[in-house]
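Working through the structure, step by step
Chain by chain, the residues run as shown.
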Amino acid sequence: MANKDLVQLINQEVSNFSVLFTKLHNYHWYVKGPHFFELHIKLEELYNEASANLDELAERLLALDEKPVATMKEHLELSTLDEAKGSEKTDKMIQQVIEDFKKVSGELRDGIKLADEEGDPVTSDMLSNMSESLDKHCWMLRAYLD
């Protein structure tokens, strides 16, 4: 059985990736402008990664004999992210993705500390890989906006 704080944090990230999955779909469907094609493809890549992260986190909880949250109600209650408004302009969408990714990456680093304190290198490594990927996406999206 895992540390209660670690389980809570992982479930928060299950919820965050669930919200991100839906938000990134929203942006994928509604992005407009001269960069539509490249952003449409990039946003699809990002929601596919969010889905994979969500599944990996939930399965890690199950492997630890814990229960991942699995309803939209729970996800919206636990998530530290806001849903898409549905009226964002393209640059605002990308800026919001950057802010969301930075927030989640920071929370994942908190989870790495908890996992390390718990002596759980598997969870620590998983969270580290996710954080690294989000940080890289932030860098690339910031470069796009510049």
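Residues numbered from 1 in each chain as written. Predicted model: local features only at pLDDT ≥ 70, side-chain atom pairs only at ≥ 80, totals over all residues. Heavy atoms only, no water.

As for helix H5 (residues 121–145)
- Between the first and last C-alpha of H5 there are 36 Å, a value that for 25 residues agrees with the 36 Å anticipated at 1.5 Å per step.
- Among all positions in H5, only Thr123, Ser124, Met126, Leu127, Met130, Ser131, Leu134, His137, Cys138 and Leu141 are buried. (Helix = DSSP H or I, 4+ residues; strand = E, 2+ residues; numbered from the N terminus. Expected span 1.5 Å × (residues − 1). Buried < 20%, exposed > 50% of the residue type's maximum accessible area, 1.4 Å probe, protein only.)

Looking at the packing of helix H1 (residues 4–30) against helix H2 (residues 36–63)
- Taken N-terminus to C-terminus, the directions of H1 and H2 make an angle of 160°; their axes are 8 Å apart at the nearest point. Relative to H2, H1 is oriented roughly antiparallel. You can see that H1 and H2 cross each other, and the crossing is left-handed. (Axes fitted to C-alpha atoms, helices over the stretch in contact; angles between N-to-C directions. Parallel < 35°, antiparallel > 145°, perpendicular 65-115°, else oblique. Left-handed = near helix turned anticlockwise from the far one by under 90°.)

Quick look at the pattern of salt bridges
- This structure, assessed with the given rule, holds five salt bridges.
- Taking the shortest distance from any N to any O, the salt bridge between Glu77 and Lys73 comes out at 3.1 Å. Here the residue Glu77 and the residue Lys73 both occupy positions in helix H3 (residues 72–78), the gap between them amounting to four residues, near one helical turn.
- Residue class for Glu77 comes out exposed when judged on its relative accessible area of 55%.
- Given a relative accessible area of 60%, Lys73 falls into the exposed group. (Salt bridge = Lys/Arg side-chain N within 4 Å of Asp/Glu carboxyl O.)

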